[in-house]
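# Geometric and topological summary
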Amino acid sequence: MTDAQYTTLPQWPNAYPASGASATLKLFNEDFIVTELPLQLPSGEGEHVWLDIEKNGANTAFVAQQLAEAAGVQEKDVGYAGLKDRYAITRQWFSIYLPKGETPDLTQLQHPEFKVLSQSRHVKKLRPGDLQGNRFRIVLRDVTGDRNAIEANLKAVASHGVPNYFGAQRFGHDGGNVEQGRSMLAREIRVRNPKKKGIYLSAVRSFVFNEVLALRIQQGLWGKTLPGDVMDEAGRPTGPLWGRGRVIATDQAQALENGVAERHATLCDGMEHAGLDQERRALVASPLEMSWEWPQAHQLVLMFSLRAGNYATSVLTEILRTTEPDRYAENESAAVE
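Chains are numbered independently. Their residues run from 1 in the order of the written sequence. Per-residue local features are limited, in this predicted model, to residues with pLDDT of at least 70; the limit for side-chain atom pairs, both in listing and counting, is 80 or more; totals at the level of whole chains, interfaces and linings are taken over all residues. Side-chain numbers here rest on the full set of heavy atoms in the structure, without hydrogens or water.

Before going further, it helps to examine the overall build of the chain. Labels follow the DSSP assignment, with helices taken as runs of H or I lasting at least four residues and strands as runs of E lasting at least two, numbered in each case from the N terminus. Looking only at helices and strands, one finds 8 helices and 14 strands in the chain. Relative to the globule expectation of 20 Å for 337 residues, the C-alpha radius of gyration of the chain, 21 Å, shows essentially globular dimensions. Projected onto its principal axes, the C-alpha coordinates of the chain cover approximately 60 × 55 × 40 Å. When a residue's accessible area, from a 1.4 Å probe over protein chains only, is under 20% of the maximum for its type it is buried; when over 50% it is exposed; and in between it is partly exposed. Residues classed as buried in the chain amount to 50% of the 337 residues present. Pairs at least 24 apart in sequence give 81% of the contacts found in the chain among residues at least 6 apart. Side-chain charges of the chain comprise 37 positive and 41 negative groups, with the mean position of each set lying 3 Å from the other. We compute the radius of gyration from the C-alpha atoms alone; for a globule the expected value is 2.2 Å times N to the 0.38, where N is the number of residues. In this analysis, two residues are considered to be in contact whenever any of their non-hydrogen atoms come within 4.5 Å of each other. Asp and Glu are treated as the negative residues and Lys and Arg as the positive ones, with His and the ends of the chain left uncounted. We put the charge of a Lys on NZ, of an Arg on CZ, of an Asp on CG and of a Glu on CD.

Moving on: the packing of aromatic side chains. Stacked, edge-to-face and tilted are the three classes for Phe, Tyr and Trp ring pairs, Trp counted by its six-membered ring, which pair at centre distances within 6.5 Å; planes under 30 degrees apart are stacked, over 60 edge-to-face, the rest tilted. Considering all chains together, one arrives at 11 aromatic pairs under this definition. Ring plane angle 55 degrees and centroid distance 6.0 Å describe the contact between tryptophan 50 and tryptophan 93, whose orientation is recorded as tilted. Note that tryptophan 50 is positioned in strand β3 (residues 48-56) and tryptophan 93 in strand β5 (residues 89-97), a separation of 43 residues in sequence. Judged by its relative accessible area of 2%, tryptophan 50 is buried. Its guanidinium or amino end placed over the ring of tryptophan 294, arginine 147 lies 4.0 Å from that ring's centre, counting from NZ or CZ. Counted as over-ring charges are cases with an Arg CZ or a Lys NZ within 6 Å of the ring centre that also lie within 35 degrees of the ring normal. Above the plane of the ring of phenylalanine 166 lies arginine 281, whose end atom (NZ or CZ) is 3.7 Å from the centre.

As a further point, take the side chain of asparagine 29. Mapping asparagine 29 onto the fold places it in the loop between β1 (22-25) and β2 (32-38). A distance of 2.7 Å separates a polar atom in the side chain of asparagine 29 from a polar atom in the side chain of asparagine 56. Two N or O atoms count as a polar contact when they lie within 3.5 Å, although within protein this holds only if one can serve as hydrogen donor and the other as acceptor, and sequence-adjacent residues are included solely when both atoms are side-chain atoms.

The next subject is the confidence of the model for the chain. pLDDT is a residue-level measure of predictor confidence that goes from 0 to 100. For the chain, the mean per-residue pLDDT works out to 92, and 95% of the residues sit at or above 70. Averaged pLDDT values for the elements of the chain fall to 60 in helix α8 (residues 326-329) and rise to 98 in strand β8 (residues 162-163). Every residue in residues 328-337 scores below 50 in pLDDT, and together they form 41 contacts with partners more than four places removed in sequence or on other chains.

A word on the pattern of salt bridges. For salt bridges, the criterion is a side-chain nitrogen of Lys or Arg within 4 Å of an Asp or Glu carboxyl oxygen. On inspection of all chains with the given rule, the structure shows 16 salt bridges. Lysine 124 is the salt-bridge partner of aspartate 130, the closest N and O atoms lying 3.6 Å from each other. A relative accessible area of 32% means that lysine 124 is categorised as partly exposed. One network of salt bridges, in which partners are shared, links Glu179, Arg182 and Glu188.

Attention now moves to the nonpolar core. Remark: nonpolar core denotes a set of buried residues (Ala, Val, Leu, Ile, Met, Phe, Trp, Tyr, Cys) joined through side-chain atoms within 4.5 Å. Judged by nonpolar contacts, the single largest core of 69 residues is most densely connected at Ile138, Leu140, Ile150, Met271, Phe304 and Ile319. When residues in this core are grouped by element, the largest group, 12 residues, is from helix α4 (residues 194-218). Non-local contacts of leucine 140, meaning those with residues more than four positions away in its chain, are made with Ala23, Thr24, Leu25, His298, Gln299, Leu300, Leu302, Leu316, Leu320 and Thr322. Core analysis: the second largest hydrophobic core is formed by 17 residues, Val63, Ala64, Leu98 and Phe114 among them.

Looking at the element boundaries, glutamine 92 is found in strand β5. Using a relative accessible area of 1% as the deciding quantity, one classes glutamine 92 as buried. A polar side-chain atom of glutamine 92 sits 3.1 Å from a polar atom in the side chain of threonine 60. At 3.0 Å, the side chain of glutamine 92 and the backbone oxygen of glycine 82 are in polar contact. Apart from residues lying up to four places away in sequence, glutamine 92 is in contact with Glu36, Leu51, Asp52, Ile53, Lys55, Thr60, Tyr80, Gly82 and Lys84.

Moving on: helix α5 (residues 251-263). One less than the residue count of a helix, multiplied by 1.5 Å, gives the span that helix is expected to have. With 13 residues, α5 extends 19 Å from end C-alpha to end C-alpha; this agrees with the ideal 18 Å at 1.5 Å per step. Those residues of α5 not exposed but buried are Ala253, Leu256, Glu257, Val260 and Ala261. The buried residues of α5 all sit within an arc of 135 degrees when viewed along its axis, so they share a single face. Pointing more than 90 degrees away from the buried face of α5 are the exposed residues Asp251, Ala255 and Glu262. Contact partners of the buried residues in α5: α4, β9 (238-241), α6 (265-273) and β10 (279-282). The arc in question is formed by the directions pointing from the helix axis toward the C-beta atoms.

Moving on: unusual backbone geometry. At aspartate 142, a residue that is not glycine, the phi angle is positive and equals roughly 55 degrees. Inspection of the secondary structure puts aspartate 142 in strand β7 (residues 131-144). In this model, aspartate 251 sits at a positive phi of 55 degrees, which is unusual for a non-glycine residue. One can find aspartate 251 in helix α5.

Here glutamate 211 is to be found in helix α4. Overall, glutamate 211 belongs to the buried group, its relative accessible area being 6%. Linking glutamate 211 and valine 191, residues 20 residues apart in sequence, is a C-alpha distance of 25 Å.

This next bit is on helix α3 (residues 176-185). Since one α-helical turn is 3.6 residues long, residues separated by three or four positions face the same way. Taking burial as the measure, the 10 residues of α3 include 8 buried ones, the bulk of the element. When α3 is considered as a whole, its buried residues turn out to be Asn177, Val178, Glu179, Gly181, Arg182, Ser183, Met184 and Leu185. Contact partners of the buried residues in α3: α4 and α6. Phi turns positive one or two residues past the end of α3, at arginine 187, with a value near 65 degrees.

If you want it as structure tokens, here you go:
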């Protein structure tokens, strides 16, 4: 794909040979259970009320709206650390800014799609990214294919991790946010809504990162370190989240990253002028405490944790091909980060 158009997402390559297997994902909400791993727990004092919430069939923004209404505050006073899938059972923390007056008992709030498990006060608002990661329990049904091939990929993923691609959710329906972002950066369209502008910039930035990672895999560099790579604190090579400033990679790594930037000049130049600063992201996502079992011949249950910003879809893609019931295709689910 070049600068010409971004109307469809490319098929970014996998790290491991395809198992040829397939399965059904999210046949029921309870097939996809996500538990948020918080950075900290509420202290019991402060101007913010923190809520431990379990939701079933609702997206994060909807729950935030309901909490704002129940507490009598504006939506901007409700915070959360990350978006969670709608068609799943997820447990996550929300915060509400309530500095004065009597604290409402929101554990009494009745709603068919979520329940408040507990509440406590804390000194700060929850903001995006304020989490260690997420713990997953995923049931894959109607599994077809060679179990030995599936097991081989499961072991490879557990041992060596997966490409840390941004998931398809990041790019909107059919990847449309990337083309919208290109049009915005090329000044073909004007986007006044700050939230939409942020979504388009995020999609464009994520796309360029995925292109760098894909090129490394295509060149046989999966699991390898290039001369000039920038390593993260865990010793893993990183790729660019594009913005202002020089690419801090050097040598062969810098040449590869600059080559991708030249292919997508409108995107990269536009991000620099939009005021984004260069950042780095690990090229490898490592599932933690990964285990699996076969409770039935055609049913596979996976359990693992991922750091904040990593996608469960990146793990599943390396194991087998999944399809979801049609009703999910009609609704864009939020990224689990």
